[in-house]
Amino acid sequence: MTDRAAARAVKTALASRFAGDPGVAGVGLARQDAEYVVRVDLTEPGAGARVPRAIDGVRVVTHVIGPVRPL
């Protein structure tokens with residue numbers, strides 16, 4: 001089971017890695033199947049190919065949310 005500290009470290013690394021990537025809208029933590037995962041929100045499905053499925057034993061999940069626009 002992944003603990004919060006490990007997931008947070010992976011989140012920080014992925015946020016830096018994808019900063020400025022137009023296909024990635026955000027990187028955050030989520031609970032899934034009783035463990036912490038890193039969730040990467042994508043603006044387009046093709047961006048998911050660049051996102052690893054796990055880092056250091058922490059699962060990384062992707063969700064396509066579409067383009068993000070200011071209100």
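Conventions adopted
- Residues numbered from 1 in each chain as written.
- Predicted model: local features only at pLDDT ≥ 70, side-chain atom pairs only at ≥ 80, totals over all residues.
- Heavy atoms only, no water.
- Helix = DSSP H or I, 4+ residues; strand = E, 2+ residues; numbered from the N terminus.
- Buried < 20%, exposed > 50% of the residue type's maximum accessible area, 1.4 Å probe, protein only.
- Core = buried A, V, L, I, M, F, W, Y, C linked by side-chain atoms within 4.5 Å.
- Contact = heavy atoms within 4.5 Å.
- Phe/Tyr/Trp six-rings, centres within 6.5 Å; stacked < 30°, edge-to-face > 60°.
- Lys NZ or Arg CZ within 6 Å of the ring centre and 35° of its normal.
- Pairing = 2+ DSSP bridges.
- Axes fitted to C-alpha atoms, helices over the stretch in contact; angles between N-to-C directions.

(A) Highlighting unusual backbone geometry. Of note in the backbone geometry, Ala34 takes a positive phi value of approximately 65 degrees without being a glycine. One non-glycine residue, Asp56, adopts positive backbone phi at about 50 degrees. Its place among the elements puts Asp56 in the loop between strand 3 (54-55) and strand 4 (58-64). Asp56 sits in the exposed class, given a relative accessible area of 76%.

(B) Examining the nonpolar core more closely. By size, the foremost hydrophobic cluster in this structure holds 13 residues, and its most contacted members are Val10, Leu14, Val38, Val40, Leu42, Val51 and Val60. Breaking this core down by element, the ones donating at least two residues are helix 1 (4-17), strand 2 (35-42) and strand 4. Here Val10 is in contact with Val38, Ile55, Val58 and Val60, once residues within four sequence places are set aside.

(C) Representation of the packing of aromatic side chains in the model. One pass over the structure, following the stated rule, counts 0 aromatic pairs. For Arg31, the ring lying beneath its charged end belongs to Tyr36, and the centroid distance is 4.6 Å.

(D) Up close: the side chain of Glu35. Here Glu35 shows up in strand 2. Residue Glu35 is classed as buried on the basis of its relative accessible area, which comes to 15%. Look past the residues within four positions of Glu35 in its chain and what remains in contact with it is Met1, Thr2, Ala30 and Arg59.

(E) Highlighting the sheet that holds strand 2. The 4 strands lie next to each other as 1-2-4-3, forming an open sheet whose pairing is mixed. Across the chains shown, the open sheet's two edge strands, defined by having one partner strand only, are strand 1 (24-32) and strand 3. By the bridge criterion, 2 bridges tie strand 3 to strand 4 in an arrangement that is antiparallel. By the bridge assignment for strand 4, Ala54 is matched with Arg59. The strands touched by helix 1 within the sheet are strand 1, strand 2, strand 3 and strand 4, with strand 1 carrying the most contacts at an inclination of about 170 degrees.

(F) Representation of the environment of Ala47 in the model. Inspection of the secondary structure assignment puts Ala47 in the loop between strand 2 and strand 3. By relative accessible area, which is 0% here, Ala47 ends up buried. For the pair formed by Ala47 and Pro67, sequence separation is 20 residues and the distance between their alpha carbons is 12 Å. Ala47 has contacts with Gly23 and Leu42, leaving out every residue within four places of it along the chain.

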